[in-house]
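Listed below, chain by chain, are the residues.
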Amino acid sequence: MTYLANEHKRVSFNFTDSLINGEMKTLRQLCHLLIEHRQQNPKTEMMFSGQFICRSQRDFTEEDYDLIRAANCNHLSIGIESGSERLRYAMKKRFTNDDLFF
């Protein structure tokens, strides 16, 4: 991403082939790298968007939302599978309706 931004002036990236928060450690590392890049290159305003899985508040905290915003995430498409907690739990999607509105 930084290469494309620096060398080719491509600054908008959309992740569509996998969930951007499928691995939280990797997402957090990416955000920190993008924040660092922005601080070192204030004229290069990279942004990103992607597909997102809803996670429980335990797994995805308010600090995580702050981090992705600071990394200049401008859009997330969040998959919830079903509005029914009972069906989601049967599908092994372990988040509540309260988590949806966090």
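Residues numbered from 1 in each chain as written. Predicted model: local features only at pLDDT ≥ 70, side-chain atom pairs only at ≥ 80, totals over all residues. Heavy atoms only, no water.

**Side note on the overall build of the protein**
We apply this condition: Per the convention used, a helix needs a DSSP run of H or I reaching at least four residues, while a strand needs a run of E reaching at least two, with both numbered from the N terminus. Note on classification: 1.4 Å probe, protein chains only; a residue is buried when its accessible area is under 20% of the maximum for its type, exposed when over 50%, partly exposed between these limits. Where accessible areas are quoted, they stem from the Shrake-Rupley method and a 1.4 Å probe; at the residue level, only the protein chains shown are allowed to cover.
In terms of helices and strands, the protein carries five helices and three strands. Counting from the amino terminus, the protein carries its helices and strands in the arrangement α-β-α-β-α-β-α-α. Structurally, the protein occupies a C-alpha span of about 50 × 25 × 20 Å along its principal axes. Counting only residues that meet the buried cut, the protein has 28% of its 102 residues in that class. Summed over all atoms, the accessible surface of the protein reaches about 6,900 Å², with 50% contributed by carbon and sulfur.

**Concerning the nonpolar core**
The following threshold applies: What is meant by a nonpolar core is a set of buried Ala, Val, Leu, Ile, Met, Phe, Trp, Tyr and Cys residues, joined one to another through side-chain atoms within 4.5 Å. For this analysis, residues touch if any pair of their heavy atoms sits within 4.5 Å.
Residues Leu27, Cys31, Phe48, Phe60, Ile68 and Ala71 are the most contacted members of the largest nonpolar core, which totals 16 residues. The greatest single-element share of this core, amounting to five residues, is contributed by helix 2 (residues 24–40). Once residues lying within four places of it in the same chain are set aside, the contact partners of Ala71 are Cys31, Leu34, Ile35, Arg38, Met46 and Phe48.

**A few points about the packing of helix 2 against helix 3 (residues 62–70)**
Short version of the rule: Axis definition: a line fitted to C-alpha atoms, over the contacting stretch in the case of helices. Angles run 0 to 180 degrees between N-to-C directions. These descriptions rest on fixed angle ranges, namely under 35 degrees for roughly parallel, over 145 for roughly antiparallel, 65 to 115 for roughly perpendicular, and the rest for oblique. Handedness of each helix crossing follows the sense of rotation of the near helix against the far helix: counterclockwise by less than a right angle gives left-handed, clockwise gives right-handed. In the scheme used here, Gly and all other residues not listed as nonpolar or charged are polar, with Ala, Val, Leu, Ile, Met, Phe, Trp, Tyr, Cys and Pro taken as nonpolar and Asp, Glu, Lys and Arg as charged.
Where helix 2 contacts helix 3, the two axes come as close as 8 Å, and the packing angle between them is 40°. Viewed along their axes, helix 2 and helix 3 adopt a mutual orientation that is oblique. You can see that helix 2 and helix 3 cross each other, and the crossing is left-handed. The residues of helix 3 that touch helix 2, namely those facing Met24, Leu27, Arg28, Cys31, His32, Ile35 and Arg38, are Asp64, Leu67, Ile68 and Ala70. Residues belonging to the contact of helix 2 with helix 3 are distributed by class as follows: seven nonpolar, one polar and three charged.

**Some words on the sheet that holds strand 2 (residues 47–53)**
Note the threshold: At least two DSSP bridges between two strands are required for those strands to pair.
One open sheet holds the three strands; their spatial order is 1-2-3, and the pairing between them is parallel. Among the strands making up the open sheet, the edge pair consists of strand 1 (12–15) and strand 3 (73–79). Each strand of the sheet is rotated relative to its neighbour by a mean of 15°, with strand direction disregarded. Of the pairings in the sheet, the one linking strand 2 to strand 3 comprises six bridges and is parallel in character. Residue pairing for strand 3: Gln51 is matched across the bridge by Ser77.

**Structural notes on helix 3**
Using the following cut-off: Along the arc lie the directions from the helix axis toward the C-beta atoms.
Among the residues of helix 3, those classed as buried are Asp64, Leu67 and Ile68. Seen end-on, helix 3 carries its buried residues on one side only, within an arc spanning 95°. Seen from the buried face of helix 3, the exposed residues on the opposite side, beyond 90 degrees, are Glu63 and Arg69. Among the structural elements, helix 2, strand 2 and strand 3 are those in contact with the buried residues of helix 3. Backbone geometry just after helix 3 places Asn72 at a positive phi near 75°.

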